[in-house]
Amino acid sequence: MDDRYSKDQEEIYSHRMKAGKRTYFFDVKATRGQDYYLTITESKRRPGADPDGPASYEKHKIFLYKEDFNKFIDALHDAVDFVRDELLTEEEVAELDRPRPAHDSEQPRPSSYPADGQSPDGPASDLGESTY
């Protein structure tokens, strides 16, 4: 396979967050032109038709480009604030605010790329499908 299409070249940073039956992946990637973007992938395990057979995964993905980061964060904060302020009870808000221990599986995983985000073999590849 041509190295410039290697999925390993495009990933700059990855963070996995387990949430019950779902897992969320936050991956920072770069195009060949060094435009950075974020992919947010939700992965949910689905049992196979055969109980002893392999399971499948249902995946949904969002591509968020750097020029939209601030608008996305603002909209997410607005939506979360609305739920907290208008829909949840005081007890539910207190539960959300309760400190939680960090899990090893939720720690960010920096890539082995240098600070400029480029792999030792050159710039990251174009958009590609995640390996999740």
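Conventions and cut-offs
Residues numbered from 1 in each chain as written. Predicted model: local features only at pLDDT ≥ 70, side-chain atom pairs only at ≥ 80, totals over all residues. Heavy atoms only, no water. Helix = DSSP H or I, 4+ residues; strand = E, 2+ residues; numbered from the N terminus. pLDDT = per-residue confidence, 0-100. Contact = heavy atoms within 4.5 Å. Salt bridge = Lys/Arg side-chain N within 4 Å of Asp/Glu carboxyl O. Buried < 20%, exposed > 50% of the residue type's maximum accessible area, 1.4 Å probe, protein only. Pairing = 2+ DSSP bridges.

## Some words on unusual backbone geometry
- Located in the positive-phi region is Q34, a residue other than glycine, with phi close to 60°.
- Turning to its location among the elements, Q34 is positioned in the loop between β2 (22–30) and β3 (36–46).

## So, the confidence of the model for the chain
- Of all residues in the chain, 70% have pLDDT values of 70 or greater, and the mean over the chain is 78.
- In the model, residues 1–6 has pLDDT below 50 throughout and makes eight contacts with residues more than four positions away in sequence or in other chains.
- This stretch, residues 112–132, has a pLDDT under 50; its non-local contacts, to residues over four places away or in other chains, come to 58 contacts.

## With respect to the pattern of salt bridges
- Considering all chains together, one arrives at seven salt bridges under this definition.
- Between D68 and K71 there is a salt bridge, and its shortest N-O distance comes to 3.5 Å.
- As a salt-bridge pair, E95 and R100 come within 3.5 Å of each other at their nearest N and O atoms.
- By relative accessible area, E95 is classed as partly exposed at 39%.

## Some remarks on the pairing of strand β1 (residues 11–19)
- Two elements, β1 and β2, share eight bridges in a ladder whose sense is antiparallel. Across the sheet, M17 pairs through a bridge with Y24, a residue of β2.
- Counted along the chain from β1 to the antiparallel partner β2, the turn is two residues long, and its residue G20 has a positive phi close to 65°.

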